[in-house]
Amino acid sequence: MDEPQAPDDQAHARARAGARVLLVDDDRDLLRLLSMRLAAAGYRVDAVESAEAALDALALARPRLVISDVQLPGQDGLALFDRIRALHPALPVILLTAHGTIPDAVQATARGVHSYLTKPFDGKALLEAVAAALALSPAFDDGGQPPDSWREGIVSRSPRMAELLAETRLVAASDASVLIRGASGTGKELLAKALHRASRRAERPFVAVNCSAIPENLLESELFGHVKGAFTGALHDRAGLFQAADGGTLLLDEIGDMPAALQVKLLRVLQERAVRPVGASRTVAVDVRVVSATHRDLEALLAEGGFREDLFYRLNVVTLRLPSLDERREDIPLLAQHFLQRLAARQGRTINGFAPDALRALVAASWPGNVRQLHNVVEQVCALSTTPLVPLALVQRALRSPGVALLSYAEARRRFERDYLVGLLRLTDGNVADA
């Protein structure tokens, strides 16, 4: 008798049920066997025997996963992967390899292939790999639109980001105040928007304010509004951002830079759920979910007296922590391709992707500016590229810009060796001798 599934497992199973999988292999017997196994597990399978047929199938219906043999007639599986990556950067690909093609598969993984299976493999290994890929893949309907549009703009397949997004979706169901922490450029506002879109407030306004970008003497009026004559230049009554976000979500970005005097007033607003415009004698009730974000160490600010403890605990009901780009390096190829496609389309240019050595350089680089810095580098190479594939020289030029540094040779070699050995161990199910 099967054990009952936990609620989380049941949710994942429902999310994967009926997922469309495109299977590519020129071995008809294996193709039939894999199709039967996947169909028995509840997947919808489209089976084709060549890369060219796979591209035709992709044009007709968007799958959530592609499983392809490396050795195919005509274009091989690696060429097919490159084409899929250019057309659909977020679509995961699993490669099926014979022992002789393991080095190619390892190299492909560095370029963005989700994973690979070495023939012969059992049905359990196949289903586990498929489930892992689908867990990190956005779900699309047959029209190509993602039902999970709440996380629009967040491009990732790393386990750390998958966990964070699952937590975000869970937190969104409540009205608890959320503190988003992460270094500059990690995408805190993007995550706040996703949280809003996943909540019951999604149809109401999302308003963001950067507490460090507005002068202290104007920030109070910006947040709470003012009445006519409250100060010089106040010629009309003006609603603040709390009122503008009524029924929705207000993001207080860089909350760690909020002046002490305003911290007291913000605490009162959170407690009373009402704002008092500058110069007004009465308060105005507001229904706002407050999400705050910071790259600063608020605990250190608390110790120094730079941030109120009572406000900290009021804002920090739930903490969501964004990893740095260095902590999710497996997302760099995906993000770089996503940015390149979007920027090339905006500029009306035809650029299909990055040369393999150019992509390796991006993955090996240090990213103190995180995703924002990667976007800037991709924007530079997109503007200067004259070929369908961005060459290594352009990427190296962009990486030499101020604020971008390559890893040392020793560190880059150490990281490659570690990743390569981990890949071999995965292929051999942890058998050191075989690896």
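Residues numbered from 1 in each chain as written. Predicted model: local features only at pLDDT ≥ 70, side-chain atom pairs only at ≥ 80, totals over all residues. Heavy atoms only, no water.

Trainee: How would you explain the overall build of the chain if you had to name every residue and give the values?
Mentor: Tallying secondary structure elements over the chain gives 18 helices and 18 strands in all. Expressed as a percentage of contacts within the chain between residues at least 6 apart in sequence, the contacts between residues at least 24 apart total 71%. As presented, the chain carries roughly 21,300 Å² of accessible surface, and 52% of it is formed by carbon and sulfur atoms. (Helix = DSSP H or I, 4+ residues; strand = E, 2+ residues; numbered from the N terminus. Contact = heavy atoms within 4.5 Å. Areas by Shrake-Rupley, 256 points an atom, 1.4 Å probe, with all protein chains shown as cover.)

Trainee: Which residues make up the environment of Arg37, and what are the values?
Mentor: Examined against the element boundaries, Arg37 turns out to sit in helix α2 (residues 28–40). The spatial distance from the C-alpha of Arg37 to the C-alpha of Leu127 is 8.4 Å, given a sequence separation of 90 residues. Discounting residues that sit within four places of it in the chain, Arg37 has contacts with Phe121, Asp122, Gly123 and Leu127.

Trainee: Give a detailed account of the packing of helix α14 (residues 332–347) against helix α16 (residues 370–384), specifying residues and quantitative values.
Mentor: For the pair α14 and α16, interaxial distance at closest approach is 9 Å and the crossing angle is 45 degrees. In terms of orientation, α14 and α16 fall into the oblique class. The chirality of how α14 crosses α16 is right-handed. From α14, Ile332, Leu335, Ala336, Phe339, Leu340, Arg342, Leu343, Ala344 and Gln347 reach across to α16, where they touch Val371, Leu374, His375, Val378, Glu379, Cys382 and Ala383. Taken together, the residues of the contact of α14 with α16 sort by class into twelve nonpolar, two polar and two charged. (Axes fitted to C-alpha atoms, helices over the stretch in contact; angles between N-to-C directions. Parallel < 35°, antiparallel > 145°, perpendicular 65-115°, else oblique. Left-handed = near helix turned anticlockwise from the far one by under 90°. Nonpolar A, V, L, I, M, F, W, Y, C, P; charged D, E, K, R; others polar.)

Trainee: Go over unusual backbone geometry, please, and point to the residues and values.
Mentor: Put simply, Lys119 and Pro120 share a cis peptide bond, and its omega is -5 degrees. The phi dihedral of Glu254 is positive, around 50 degrees, even though this residue is not glycine. Tracing the chain through its elements places Glu254 in the loop between β10 (249–253) and α11 (260–272). Assessed through its relative accessible area of 9%, Glu254 is described here as buried. (Buried < 20%, exposed > 50% of the residue type's maximum accessible area, 1.4 Å probe, protein only.)

Trainee: Just give me the short version of the sheet that holds strand β1 (residues 20–24), but keep the residues and values in it.
Mentor: Spatial strand order, β2-β1-β3-β4-β5: five strands in an open sheet with parallel pairing. Because the sheet does not close on itself, it has two edges, and the strands there are β2 (44–48) and β5 (115–118). Direction aside, neighbouring strands of the sheet carry axes that sit 20 degrees apart on average. Across five bridges, β1 lies against β2 in parallel orientation. Counterpart to Arg20 in the pairing with β2 is Arg44. Set on the sheet, helix α3 (residues 51–60) makes contact with β1 and β2; between it and β1 the angle comes to about 160 degrees. (Pairing = 2+ DSSP bridges.)

Trainee: Report on the pattern of salt bridges, specifying residues and quantitative values.
Mentor: Enumeration over the complete set of coordinates arrives at 17 salt bridges. Two residues, Asp310 and Arg308, come together in a salt bridge whose shortest N-O distance is 2.8 Å. Relative accessible area serves as the criterion here: at 33%, Arg308 is assigned to the partly exposed category. Of the charged contacts, one joins Asp331 and Arg328 as a salt bridge, the two residues approaching to 2.9 Å between their closest N and O atoms. (Salt bridge = Lys/Arg side-chain N within 4 Å of Asp/Glu carboxyl O.)

Trainee: Please provide a residue-by-residue account of the packing of α3 against helix α4 (residues 77–87), values included.
Mentor: Here α3 crosses α4 at 20 degrees, and the two axes come no closer than 10 Å. Between α3 and α4, the crossing angle belongs to the class labelled roughly parallel. Judged by the twist between their axes, the crossing of α3 over α4 is right-handed. Of the residues in α4, those in contact with Ala51, Ala54, Leu55 and Leu58 of α3 are Leu80, Arg83, Ile84 and Leu87. Taken together, the residues that form the contact of α3 with α4 break down as seven nonpolar, no polar and one charged.

Trainee: Explain the nonpolar core to me, and be specific about the residues and the numbers.
Mentor: In this structure, Phe354, Leu362, Trp367, Leu374, Val378, Val390 and Val395 are the most contacted members of the largest nonpolar core, which totals 30 residues. Elements with a minimum of two residues in this core: α14, α15 (356–364), α16 and α17 (392–399). A total of eight residues in this core trace back to one element, the largest contributor, which is α14. For Val390, the residues in contact, after removing those within four places along its chain, are Leu340, Ile351, Gly353, Phe354, Ala355, Ala358, Val381, Ser385 and Val395. One finds Leu262, Val286, Val290 and Leu311 within the second-largest nonpolar core, a separate group that totals 29 residues. (Core = buried A, V, L, I, M, F, W, Y, C linked by side-chain atoms within 4.5 Å.)

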